[in-house]
Amino acid sequence: MISKYLVPLDEVDQARSAHLAFLDGMEERGLLVTAGRQNPPKGGVVVLAVDDEAEARELIAADPYVQGGLAEYTAVGWTPARGALVDYGKP
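The notes below deal with the structure included here.

What counts and what doesn't
Residues numbered from 1 in each chain as written. Predicted model: local features only at pLDDT ≥ 70, side-chain atom pairs only at ≥ 80, totals over all residues. Heavy atoms only, no water. Core = buried A, V, L, I, M, F, W, Y, C linked by side-chain atoms within 4.5 Å. Buried < 20%, exposed > 50% of the residue type's maximum accessible area, 1.4 Å probe, protein only. Helix = DSSP H or I, 4+ residues; strand = E, 2+ residues; numbered from the N terminus. Contact = heavy atoms within 4.5 Å. Salt bridge = Lys/Arg side-chain N within 4 Å of Asp/Glu carboxyl O.

Formed by 13 residues in total, the largest nonpolar core has its most connected members in Met1, Leu23, Met26, Leu32, Val46 and Leu48. Going through the elements one at a time, helix H2 (16–28), strand E3 (44–48) and helix H3 (53–60) are the ones with two or more residues in this core. Setting aside its immediate chain neighbours within four residues, leucine 32 contacts Leu23, Met26, Glu27, Val46, Val47, Leu48 and Tyr88. Counting six residues, the second-largest nonpolar core is a separate cluster that includes Tyr5, Val12, Ala15 and Tyr65.

This is the structure we're talking about:
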């Protein structure tokens, strides 16, 4: 999921702790692979360990950034073919 901030960064930052707590919860459930802010900070990237786009959209709808109208997400499917994540999630 790739987010785009819809409001100035200072407004996004007011909800950042709630957003990070949301990501912590997904990580605890084994659904979050990695996440981080883009540079420059115009949005972020959240890599989820889910089966399909519908599940990703359902999860991300609970993000405080989305619920507060601060950001929107675009779903992008991705299968690692090389590097550190190539075997992520494989038995």
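Let's shift gears to the pattern of salt bridges. As a working rule, side chains carrying opposite charge can pair if their charged atoms are close by. Counting across every chain of the model gives two salt bridges. Close ionic contact of aspartate 13 with arginine 37 constitutes a salt bridge, the shortest N to O distance being 2.5 Å. Separated by 24 residues along the polypeptide, aspartate 13 in helix H1 (residues 9–14) and arginine 37 in strand E2 (residues 32–37) bring together distant segments of the chain. For arginine 57, the salt bridge identified is with glutamate 53, shortest N-O distance 2.7 Å. Of this pair, arginine 57 and glutamate 53 both sit in helix H3, separated by four residues, roughly a single helical turn. Note on glutamate 53: relative accessible area 45%, which makes it partly exposed.

What follows is about unusual backbone geometry. At the junction of asparagine 39 and proline 40, the peptide bond is cis and its omega measures out at 10° in the coordinates. Here proline 40 shows up in the loop between E2 and E3.

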